[in-house]
Amino acid sequence: MSEPAVLVTGGSRGIGRAIAVELAGLGLPVLVNYAKDESAAQEALDALRRVGVRAEAMRADVSASGEVDAMLREIKHMGLWVQVLVNNAGITRDGLLPLMSDSAWESVIGTNLGGVFHCTRGVMRTMIPKKRGVIVNIASISGIRGHAGQANYSAAKAGVIAMTRSLARELGPFNIRVNAVAPGFIKTDLLQQLGANTEVHSQLETIRDQMIPFGRFGDAHEVAKVVRFLASDDASYVNGHTLVVDGGLSV
Ligand SMILES: NC(=O)c1ccc[n+]([C@@H]2O[C@H](COP(=O)([O-])OP(=O)(O)OC[C@H]3O[C@@H](n4cnc5c(N)ncnc54)[C@H](OP(=O)(O)O)[C@@H]3O)[C@@H](O)[C@H]2O)c1
């Protein structure tokens with residue numbers, strides 16, 4: 001008999017780590033996927049074990065279907081199945097479109113959209129026969145509003161939102177819910193990386209001071225708590241929805 005578990009892609013740092021720690025409250029083992037940074041994954045495991053849940057690190061590049069399939073086979077060998085999947089792994093490689101390289105386009109689409117495809121396809125195959133499961137996709141307000149210099153990222157995130165709606169219809173009959181969260185600007189390494197460019201840094205300050213009603217960026221745990229709601233039975237009749245968590249930036 002296999003045991004249900006939570007899998008958070010990109011769960012080693014930033015929003016993903018906060019989600020992993022928050023979802024530890026569900027009482028299931030938590031699997032932390034990451035791509036490269038093993039020490040960050042180890043820190044996430046330490047945080048999870050401190051709150052008393054079984055936690056394992058799973059290295060796999062979500063943009064590579066073979067790596068995702070191998071990770072899911074390993075999860076099965078561990079005697080676990082993914083009952084709660086959070087597709088969080090994501091990257092940015094910003095640039096104006098005329099200057100955008102094929103690799104900037106392909107890596108962002110491949111990770112942010114392809115990763116959701118690979119992981120969701122794999123876990124669905126186990127969720128469907130069990131008629132049980134919850135999927136939460138981390139999109140972005142970039143996938144709703146669009147941001148200059150983020151055509152690749154916006155396209156990927158809009159794709160995630162559209163995929164969330166399609167899958168809600170496809171999986172609803174199997175008692176599997178699929179929702180998305182669209183964060184605004186959240187203080188993580190990803191935001192810091194964006195702000196490393198002086199021009200973008202000053203644009204971010206303008207957005208924070210003039211466009212976000214709270215006058216501040218969000219914290220990762222403010223996204224994680226919304227994910228926990230969507231992953232829990234409290235959201236049992238919420239399906240195909242994208243919940244914006246941006247402090248009012250896009251109202
Ligand atoms: N921060 C924001 O303002 C913001 C706003 C809207 C949406 N989001 C979305 O929220 C999610 C998390 O963002 P974040 O700010 O927390 O990012 P982050 O701090 O840069 O962390 C990214 C995480 O994703 C993992 N990752 C990256 N590429 C991967 C791949 N190919 N396969 C598996 N894991 C991979 C990283 O692992 P390694 O370190 O091992 O590579 C890390 O755990 C992303 O989907 C992002 O688009 C963020």
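Residues numbered from 1 in each chain as written. Predicted model: local features only at pLDDT ≥ 70, side-chain atom pairs only at ≥ 80, totals over all residues. Heavy atoms only, no water.

**Q** Can you lay out the site of the ligand for me, pointing to particular residues and giving the numbers?
**A** Taken together, 30 residues lie near the ligand, and Ser12, Lys36, Asn88, Tyr153 and Thr188 sit nearest. A distance of 2.8 Å is found between an oxygen atom of the ligand and a side-chain nitrogen or oxygen belonging to Arg13. Starting from 900 Å² of accessible surface for the ligand in isolation, the protein chains cover 95%. For the shell around the ligand, the elements supplying multiple residues, two or more each, are α1 (14-23), β2 (30-34), α5 (151-171) and α6 (189-194). For the shell around the ligand, the class distribution of residues is 14 nonpolar, 10 polar and six charged. (Near = heavy atom within 4 Å. Polar contact = N/O pair within 3.5 Å; in protein donor to acceptor, adjacent residues only side chain to side chain. Areas by Shrake-Rupley, 256 points an atom, 1.4 Å probe, with all protein chains shown as cover. Helix = DSSP H or I, 4+ residues; strand = E, 2+ residues; numbered from the N terminus. Nonpolar A, V, L, I, M, F, W, Y, C, P; charged D, E, K, R; others polar.)

**Q** I'd like a rundown of the pairing of strand β5 (residues 133-138), residues and numbers included.
**A** Most of β5 is tucked away: six of the six residues are buried. Burial along β5 is two-sided: the face carrying Gly133, Ile135 and Asn137 and the face carrying Val134, Val136 and Ile138 are both buried. Bridge analysis of strand β4 (residues 80-87) against β5 gives four bridges, and the strand direction is parallel. When the sheet's bridge partners are listed, Val86 is paired in β5 with Val136. In this region the chain leaves β4, passes through helix α4 (residues 102-130) and returns to the parallel neighbour β5; the handedness of that crossover is right-handed. Pairing of β5 with strand β6 (residues 176-183), which is carried by six bridges, proceeds in the parallel orientation. Counted as the bridge partner of Val134 is Arg177 from β6. In this view, the connection linking β5 to its parallel neighbour β6 by way of α5 has right-handed handedness. (Buried < 20%, exposed > 50% of the residue type's maximum accessible area, 1.4 Å probe, protein only. Pairing = 2+ DSSP bridges. Right-handed = clockwise from strand over helix to strand, strands pointing away.)

**Q** Give a detailed account of the packing of α1 against helix α8 (residues 220-231), specifying residues and quantitative values.
**A** α8 packs onto α1 with a crossing angle of 50° between their chain directions and a minimal axis gap of 8 Å. Between α1 and α8, the angle is such that the two are oblique. Here α1 runs over α8; the crossing is right-handed. Contacts between α1 and α8 involve Gly14, Ile15, Ala18, Ile19, Glu22 and Leu23 on the former and, on the latter, Ala220, His221, Val223, Ala224, Lys225, Val227, Arg228 and Ala231. Here the contact of α1 with α8 is composed, by residue class, of nine nonpolar, two polar and three charged. (Axes fitted to C-alpha atoms, helices over the stretch in contact; angles between N-to-C directions. Parallel < 35°, antiparallel > 145°, perpendicular 65-115°, else oblique. Left-handed = near helix turned anticlockwise from the far one by under 90°. Contact = heavy atoms within 4.5 Å.)

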